Amino acid sequence: MPADIGNQLKKGTRSDIEAACRTVEAEFRKIAEGLRRGTTDALYALRYELSVLRHICFAVKENPQRNGDLYGDIVGVMLPHVRPCEEKASLWETHLTSLRYILHVLCHERSIGACQRMYGLVRAEPCRLQEETNYKIYLDIHLTHFNGIYMLMQKQLLPLEASNQLCQALDSLGDLFEVMRLKKITKTGPLLERLNETLFGKRSKTFLKSLSFLPSESLTKMLGSLLKLLATSSTSELSNQFSEYLSFMLALIQIDMLSPEPSQQLSLQLLRVCKELFRQETNLTYALQLLYYYLKLLYVREATPNFKRTYIDLMRKFQNFFEHKATPHATEQWLADLLVAIQRLQTLLQQSGSKLQSPFQVYWQQMEGDGSPEAYAAHFQLLYSCAGLATNVTRSPLASSCSNEACTSVRRHCMLAFGLCALDAYINWQPTQEQKADKGPHKPLLGILNFTMDVAKSLKCLGPASIELIKLVRQLTHVADQVSCPEQMSLLCHLLEPLQKLRPLIPHQEMRGLLRRLFKASVYCKDPQRAGGLCASYLASLTNPARLRSQICSHYHQQGKEEKEIQKSVFEWHESCPLPYPLTPVEKKQLYETDLFAVLHYVRSPSVTHLKSLIRCRMSDYHLVLLARQLRNDRSILSELQELISKLNARSSLTRMEHLSLGHANVAQLLDALEAQKCTVSSKETGENLLEELLLRQNLSEINIQREQRLVNLASDAIAGFNAFFCRADEEPLGSEETAIDWEALMDDAVAAAMALTTMGYQAQADDAWLLLLRIGSMLMDRFTYLRALTHFLAQNEVNPRLKLNLSEEVKRAEDLLDDLWPQLPSGRFFKRQDSTVMLCLCHLASYYARQECFSHAQVILLLVEQLRGELPERLGKTDIVSITLQAVRFRLSYEQRNPEQYPRMPTPLRQLDTLQDNVRNFCNLSSLDGSSLQLLLSTLVRESTECSANRLSERLAFSNIVLKLVLQSGLALRTIEVFLAWLWTNLQMENLDRAQSKLRLIEHCLGIKRLQRKEAEPLAIEKKEVQDPALSDLASNMHLLQLVEPIRKQQQHLDVALPSVLSLRPNSPSSQLSLDRYLNLSEAPAVVRGNFQLQSTYFVMGCLHARLCFLQRNSDQLDDFYASAESRLRESPELSASLGSMLKVQQLYRAHYLRFRGQHVEAITVAQLGLDAPLQAMDIDYNYNFMTQLKTAQLELKPETEAVQCQSLRRALNFLSPERKNETPSDRDSSTKSAKKGPKFKIFTELELRPPSAASHSSGSSNEYTPPASMDTCQPIVLSDDDDESPCSTASLKPSLPKTTEKPKPKANSKLNMAIYVDDSPEAAPMPSQKVTGRSTRAARLRQPEETPKTATRRPRRAVAVTEPEQATEPGATGTRSRRRK
């Protein structure tokens, strides 16, 4: 029969299984109806049932998802009829095993209904334990069903109502445990192990939480029965079951923690049971007692008055137990299990710290308040003691298994867990501000944390994704976030170095969060070194460049607000930090450069130690030169720069960054050299008579061109380096891996080099520098640098063609910029230096348009500048650089004007010079740009004012004095030479020969030709012994008097008398010792002059002035060759002619004068005509008048001598009018002459003859008085008119007649200026020579002033000299001359 059932079940069809079910049902009905008495029927039923179950097991195995309900029907028919048989105990075990198997197979998603029905059938039968081991099968049936239903519910494959099945399983387990207790089964070790594995100790927190959320009746019933069963356990095997009890205890603690209902404190019940079970083991019993009392304190439900004292006492007992009783058993397993259990208990305790419904809530509350530092110190001491003993833990079933197969160290994980628990406790602690300062808890806490970090670094499972490591870092982050006092910060500081050992394992994101909190907490750090390191470490962790720059600047700003001197840079702090953030080379470079530029651009006045910190950490030479800009006075840094320059110059080729570094290094050396040669010069020391003594001073004696060439080379090399970098940087884009370029530093140093070259006066080199800045400013859209560079070229009369600069195109572009900028100036949005840059550019733009003959446009621009300046409150009422530049531009427009009659109300140039000089004395420096701009403007004004005053026979030396003081204080040789040349020009024009010789010696000293020597006291010459003849003495006196009236230009060839000592050559003068040929033959010039074209031009000008000095000294032996060679060289070198500027006109005038002196009137006329034909550009208009004077005078001197003898008339003084007074009428001049103070009357003659007074003058003086002749060599601007038609003997017809209109002069070859010369051609008898000498000496004897010197003789205005001669009618020429000289 069972075989037929097996065949039917094997087929697997539903009809066959139904048929088998009917067969089984019929069979068991027969057994029930004809039941045999005794055990034979029960045994038959059991055997028959086992046979059917075996076939069902095969069928279920073949097809577990089909016909489960029919199988359940069959089992439901059989189960009520089977019982255990005492004869065959194994049959009952087989019966239970078959049921377990069928339930296990049916516990599936598709057959869960059949499984539940089958379990219900099993559960409906009473638990029958024929043997002790049968409980294991029942236990497996219930646990399998429980876990199967639980898993399907977790997968949401079953509704929540299925939790009834879980409760049924728990109830069945409780029944099983009760049956086991009744059966007196005492070997509960396997049972507890099985329960821990499937239901308690080994299960997850989620499972235990689900278990705790089941109805408490079922769970309590099951656990109560289990505890009763365990209480009856045998003590023979307890030593091996200690870990299982601890595991069960931990599970119960979690169930208590997670249960939504009030805690039943099941773990305490278990510990009571354990104390009784382990009473024979003293150490175990004591340990369990400590655990029991510890849990009792944890489970406290209401506040107790002596909680902290009790807790501290218990912790001390724990510590005493571990240090004394447990130490001998340190390697035993029960101690390892106890330590792991305590570690897990602490973990559970800390996890419940923030749970309001936790059973440990009251415990946490009582840990706060008064005495909490001592309580927490005791708590940390317990953890520290446990961690110390945990070093001997090798294995424990209580330990959590590591997910990393390579990690098998229970000891390290246990110690790490103790550290995490300690940090959790410290984080949950909420001390008062006073309690935060208590360092009592810190010592044990630091001890456990040091243990933790020491073992953590050797854990193989720790990595960026390790949960334990991430938790450790986050806990430290929380600790840092709670820091509010230095004591708390000191705790963190002790953890930095151990934490650094774990740094390679910590994820970057977590580390950044920790460093950010440490950065904020560093404000409470008393150690500035450590605080700086923490700040730097956080800043280094920022990878976003913008955020990094912002945070570094904020850090330095905060340091500045706290008035703390910054000792180290962020980069160096990071390098020496105990917790540095790991950086790649690119990130490290980014950090350094961001720190560097923050210090350079955002830190106001960084300290020397701060800058040197950056220098110590520099990554390239470029960083060194940038920082050296802030350490100009540090000799060690300058030495490093010098070594850098030598190193780079020794290389054959340089990279663009090396070119840039070389440029910055040269600028640093340049500025240091400029600063080193500065000295102090007072205004009193710059007197004209004290200059030689001044330059012999120790600090000024070394001012010469040779020394200055080093500065020029440094500046030129710097500009060359910047230019090389700029060209290559423009051609090759800068890569991201290259050093960031500080363009602001580049432009600042380039401007410094350009200003140095401009200030020193080296035009070509300065042009190259400003052209480079023009290009850089254009590329970088730096408007102010661009305008400043353009201003340099606008101020020039003509831009050097070598530069290939299209100035008109640049002007158009600059006008667009200026149109955008100038309306914004009154708003105050720019710095004062930027305001000055815009307005100065506008001023020089006006000069540019004036040179283009757009005078109206120039005037409009100047008016705009005046208006803008008036709208700036800080400039009102002050004489700033803008107002002085405005006046200087207007002065140029005045004295360079072509048509002076068009501006009758404009002040004369000399008057404008006086006003400008007064304003310079009252100069107010408003910005960093003003001082240097004023010095450049004054250097230009020296030449222009000298040209203006010299052409008008005036001696204004104010600008020369001011500029000489400035350049001597700065140690500038070329500018000093320029001032001396201007002064020499003035001295020659005024014929102060001694002073001119002194200037020549000074120039030779500065050029390095001949050094100055200190003068020795010379014995006074006794003139009475030299001139014995009274006639010669009178003649010398008369000649000296003539110098007071008009400089003597010529001497009569037939006068065979010795020159007075006043005109004798000084034996040590340059004229008597040196040849003029040296100025033209460069092979004899100093080496520095041969290598510089500008110095060659200056040297040539010096030669021209030296030649003029020789002429005035009547030392004309070399002049023929000099002027011929000079003319030849000028023809051969157009560049030299162009570089001379107005001095070319002066040279031509001097040559024309010399040719007249030599009697070469035709050549003189040719030279004068060439000077007239050459166009004037940015030059004094009086040059044309002077050339016309030379031309007319030469033409007059060229007339036949016989004509002059027949006329017997000496030429009357030339009446001239200044170009500023050409538009005056004769009546205006007469009225002005009458109203003026009566002065001496001068007449200019062509020959050195004495004549009697004219007939018209007999009534006003003695007939013995003679009018001294005067030279026409230096006739000033005059109005010429040839009166050839008038009678040569008629003086009454000589009336001044001015032209009605004066046309603008045009540069034509044969053009003549509309000027008139009034000549007195009346015949007069020539006196005898003896009468001339006698009468002359008589007048001189009455008028000689012994204290007068050439200086007083030439100073403006001249004092009137009382001459006892017949009164003459006031002549227009004399009046015009006097009026002109007053101007």
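Rules of the game
Residues numbered from 1 in each chain as written. Predicted model: local features only at pLDDT ≥ 70, side-chain atom pairs only at ≥ 80, totals over all residues. Heavy atoms only, no water. Core = buried A, V, L, I, M, F, W, Y, C linked by side-chain atoms within 4.5 Å. Buried < 20%, exposed > 50% of the residue type's maximum accessible area, 1.4 Å probe, protein only. Contact = heavy atoms within 4.5 Å. Axes fitted to C-alpha atoms, helices over the stretch in contact; angles between N-to-C directions. Helix = DSSP H or I, 4+ residues; strand = E, 2+ residues; numbered from the N terminus. Left-handed = near helix turned anticlockwise from the far one by under 90°. Nonpolar A, V, L, I, M, F, W, Y, C, P; charged D, E, K, R; others polar. Polar contact = N/O pair within 3.5 Å; in protein donor to acceptor, adjacent residues only side chain to side chain. Disulfide = S-S within 2.5 Å. Expected span 1.5 Å × (residues − 1). Parallel < 35°, antiparallel > 145°, perpendicular 65-115°, else oblique. Salt bridge = Lys/Arg side-chain N within 4 Å of Asp/Glu carboxyl O.

K.L.:
Can you help me understand the nonpolar core in this one?
P.N.:
Side chains of a nonpolar character, in soluble globular proteins, are inclined to be buried together. The biggest cluster of nonpolar side chains holds 421 residues, and the ones touching the most others in it are F200 and F322. Beyond its immediate chain neighbours, meaning those up to four positions away, F322 contacts T327, L335, L338, L339, I342, L382, S385, C386 and L389.

K.L.:
It is not clear to me how the packing of helix α51 (residues 1119-1132) against helix α53 (residues 1142-1157) should be interpreted in this structure. Could you clarify?
P.N.:
Helix-helix packing is described using two parameters, namely the angle between the two axes and the distance between the axes. Interhelical geometry of α51 versus α53 gives an angle of 145° and a closest axis separation of 11 Å. In terms of crossing hand, the pair formed by α51 and α53 is left-handed. Contacts between α51 and α53 pair L1119, D1120, Y1123, A1126, E1127 and L1130 from the former with L1144, Q1147, Y1150, R1151 and Y1154 from the latter. Looking at side-chain class alone, the contact of α51 with α53 contains seven nonpolar, one polar and three charged residues.

K.L.:
I would appreciate a short explanation of unusual backbone geometry in the present structure.
P.N.:
The phi torsion of most residues other than glycine is negative, and most of the peptide bonds are trans. Non-glycine residue K184 carries a positive phi angle of around 60°. Look at K184 and you get exposed, because its relative accessible area is 67%. The backbone of E853 sits at a positive phi, close to 65°, despite the residue not being glycine. Looking at where E853 falls in the secondary structure, it is placed in the loop between α39 (832-851) and α40 (855-870).

K.L.:
What's the story with the side chain of R1156 in this structure? I'm lost.
P.N.:
Among the secondary structure elements, R1156 is positioned in helix α53. Look at R1156 and you get buried, because its relative accessible area is 6%. A polar atom in the side chain of R1156 sits 2.8 Å from the side chain of Q1190.

K.L.:
What is the right way to look at the state of the cysteines in this model?
P.N.:
Simply put, the disulfide is a covalent bond whose two ends are the sulfur atoms of two cysteines. Enumeration over the complete set of coordinates arrives at zero disulfides. The structure places no disulfide on C493, whose sulfur is separated from the nearest cysteine sulfur, that of C525, by 4.0 Å.

K.L.:
Got a minute to help me understand helix α46 (residues 993-1007) in this structure?
P.N.:
Between its terminal C-alpha atoms α46 stretches 21 Å, which fits the 21 Å expected from 15 residues at 1.5 Å a residue. Judged by how many residues are buried, α46 sits mostly within the fold: 14 of 15 residues are covered. Just downstream of α46, G1008 is the residue with a positive phi angle, here 80°.

K.L.:
Would you explain the packing of helix α5 (residues 89-106) against helix α6 (residues 112-124) in this entry?
P.N.:
At a minimum axis distance of 8 Å, the contact between α5 and α6 shows a crossing angle of 155°. With respect to α6, the element α5 is oriented roughly antiparallel. Crossing geometry of α5 relative to α6 is assigned as left-handed. Residue-level contacts link L99, I102, L103 and L106 of α5 to I112, A114, C115, M118, Y119 and V122 of α6. Residues belonging to the contact of α5 with α6 are distributed by class as follows: 10 nonpolar, no polar and no charged.

K.L.:
I'm lost on the environment of D1121 in this one. Help?
P.N.:
Take D1121: it is sitting in helix α51. Sequence-wise, D1121 and D1077 are 44 residues apart; in three dimensions their C-alpha atoms are separated by 8.1 Å.

K.L.:
I keep staring at the pattern of salt bridges and nothing clicks. Help me out?
P.N.:
Close approach of charged atoms allows side chains of opposite charge to pair. For the coordinates displayed, the defined rule picks out 45 salt bridges. The salt bridge involving R100 is made with D140; its shortest N-O contact spans 2.9 Å. Within this pair, whereas R100 is found in helix α5, its partner D140 is found in helix α7 (residues 134-154), the two being separated by 40 residues in sequence. Salt-bridge contacts for R943 lead to E944; the nearest nitrogen and oxygen are separated by 3.6 Å. The class of R943 is partly exposed, set by a relative accessible area of 33%. If you follow the salt bridges from partner to partner, you end up with R629, R632, D748 and D749 in one network.

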